[in-house]
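Fold and contact review
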Amino acid sequence: MTDRTITKTEILNKVYTADDHEKLMDAYKDWAADYDSDLEELGYVAHITSARALDQALGGNHDAVILDAGSGTGLVGEELARLGYRTMDALDYSQDMLDQAETKNVYRKLIQADMKERLPLDDNAYDAVVCTGTFTYGHISAEGFDELIRVTRPGGTIVFTVREGAYEEYGYRKKMLDLEVKGEWELVSFYDTPYQIEEGNTCKMCTYRVR
Ligand SMILES: C[S@@+](CC[C@H](N)C(=O)[O-])C[C@H]1O[C@@H](n2cnc3c(N)ncnc32)[C@H](O)[C@@H]1O
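Residues numbered from 1 in each chain as written. Predicted model: local features only at pLDDT ≥ 70, side-chain atom pairs only at ≥ 80, totals over all residues. Heavy atoms only, no water.

On to the packing of aromatic side chains. Going through the model one piece at a time under the given rule, you end up with 15 aromatic pairs. Ring geometry for Tyr-16 and Tyr-137: centres 6.5 Å apart, planes at 85 degrees, overall edge-to-face. Linking Tyr-16 in helix α1 (residues 8-17) with Tyr-137 in the loop between β4 (126-135) and α7 (144-151), this pair joins segments that are 121 residues apart in sequence. By relative accessible area, which is 23% here, Tyr-137 ends up partly exposed. (Phe/Tyr/Trp six-rings, centres within 6.5 Å; stacked < 30°, edge-to-face > 60°. Helix = DSSP H or I, 4+ residues; strand = E, 2+ residues; numbered from the N terminus. Buried < 20%, exposed > 50% of the residue type's maximum accessible area, 1.4 Å probe, protein only.)

Right under this line is the structure:
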């Protein structure tokens, strides 16, 4: 916990009402130092569930090269490291969040990039991508799936969460089904799971294999 100037309620409000990219990044700048402790108080568990879902899909192959897209402060990377994964890159637009992620000492590289644009990454660069808490209100639209598929090798795995409510309302469901119909990816598993236990909210935990 830091000597904060903005309360947890105020920052959550700022994050979820940000109606443009600059306001969202400004909110994460304010939040970066207190993000982990605030999420712990909210009973955030999606980082743990995502890491387990990826571990299951990878069959415990600890040699996998993994991109943590929308890594934030690195909570997912930390969980993956606990499970034995060694080669992970963190990607986020917020340099303040990446600076926190760096302190976790679990990432090979930190990449500052915008997931709404073409990513500065080669085609098929990763065995797996994990993206937790980032397909949600005011963050990355469903169009972001295209780049995650491009940077994942054929046969590779993509695990992501979509916040309940945003799933239908923001077009994620439609885009996910369109990509299946187009043969871009195939569904491995899909289920509802708690997101922040204290808040009583849930997310969809989605695992796809890239074709
Ligand atoms: C709710 S946090 C999730 C962080 C982490 N994955 C976790 O589970 O704690 C969402 C993250 O998405 C990042 N983000 C939002 N818009 C982005 C964009 N256009 N490009 C890259 N990252 C973005 C934010 O900076 C923030 O770190």
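Here the narrative resumes.
The next point concerns the packing of helix α4 (residues 46-58) against helix α5 (residues 75-83). At a minimum axis separation of 9 Å, α4 and α5 run at an interaxial angle of 45 degrees. One way to sum up the angle between α4 and α5 is to call them oblique. As α4 packs across α5, the resulting crossing turns out to be right-handed. In contact with His-47, Ile-48, Ala-51, Arg-52, Leu-54 and Asp-55 of α4, α5 contributes Leu-75, Val-76, Glu-79, Leu-80 and Leu-83. Split by residue class, the contact of α4 with α5 holds seven nonpolar, one polar and three charged. (Axes fitted to C-alpha atoms, helices over the stretch in contact; angles between N-to-C directions. Parallel < 35°, antiparallel > 145°, perpendicular 65-115°, else oblique. Left-handed = near helix turned anticlockwise from the far one by under 90°. Contact = heavy atoms within 4.5 Å. Nonpolar A, V, L, I, M, F, W, Y, C, P; charged D, E, K, R; others polar.)

Quick look at the sheet that holds strand β5 (residues 152-163) now. An order of β3-β2-β1-β4-β5-β7-β6 is seen for the seven strands of this open sheet, with the pairing classed as mixed. The sheet is open, and its two edges are formed by β3 (109-112) and β6 (185-196), each paired on a single side. On average, adjacent strands in this sheet sit at an angle of 15 degrees to one another, irrespective of strand direction. With four bridges joining them, strand β2 (residues 87-92) and β3 adopt parallel strand pairing. Within β3, the residue paired with Asp-89 across the bridge is Lys-109. Packed onto the sheet, α4 meets β1 (65-69), β4, β5, β6 and β7 (201-210) and runs at close to 155 degrees relative to β5. (Pairing = 2+ DSSP bridges.)

Looking now at the pattern of salt bridges. With the rule as written, the count across this model stands at 22 salt bridges. Residue Arg-86 pairs with Asp-63 through a salt bridge whose shortest N-O separation is 2.5 Å. Of this pair, Arg-86 sits in the loop between α5 and β2 while Asp-63 is found in the loop between α4 and β1, placing the two residues 23 residues apart along the sequence. With respect to class, Arg-86 is no different from Asp-63; both count as exposed. Salt-bridge contacts for Asp-192 lead to Lys-204; the nearest nitrogen and oxygen are separated by 2.7 Å. Highlighted residues: Asp-192 in strand β6 and Lys-204 in strand β7, separated in sequence by twelve residues. (Salt bridge = Lys/Arg side-chain N within 4 Å of Asp/Glu carboxyl O.)

With respect to the secondary-structure elements, Met-205 resides in strand β7. Judged by its relative accessible area of 0%, Met-205 falls in the buried class. With 156 residues separating them in the primary sequence, Met-205 and Thr-49 have C-alpha atoms 8.1 Å apart. Beyond its immediate sequence surroundings of up to four residues, Met-205 is in contact with Ala-46, Thr-49, Ser-50, Ala-53, Val-159, Phe-160, Thr-161, Ser-189, Phe-190, Tyr-191 and Thr-193.

Here the focus is the site of the ligand. The full set close to the ligand counts 24 residues, and Tyr-35, Tyr-44, Gly-70, Asp-92 and Asp-114 are the nearest of them. Contacts to the ligand include Gly-70, whose backbone N or O atom sits 2.7 Å from a nitrogen atom. Between Tyr-93 and the ligand, the recorded distance is 3.2 Å, taken from a backbone N or O atom to a nitrogen atom. Within the complex, the protein chains bury 99% of what would otherwise be the 600 Å² of accessible surface of the ligand. Elements that contribute at least two residues to the shell around the ligand include exactly α2 (21-31), α5 and β4. (Near = heavy atom within 4 Å. Polar contact = N/O pair within 3.5 Å; in protein donor to acceptor, adjacent residues only side chain to side chain. Areas by Shrake-Rupley, 256 points an atom, 1.4 Å probe, with all protein chains shown as cover.)

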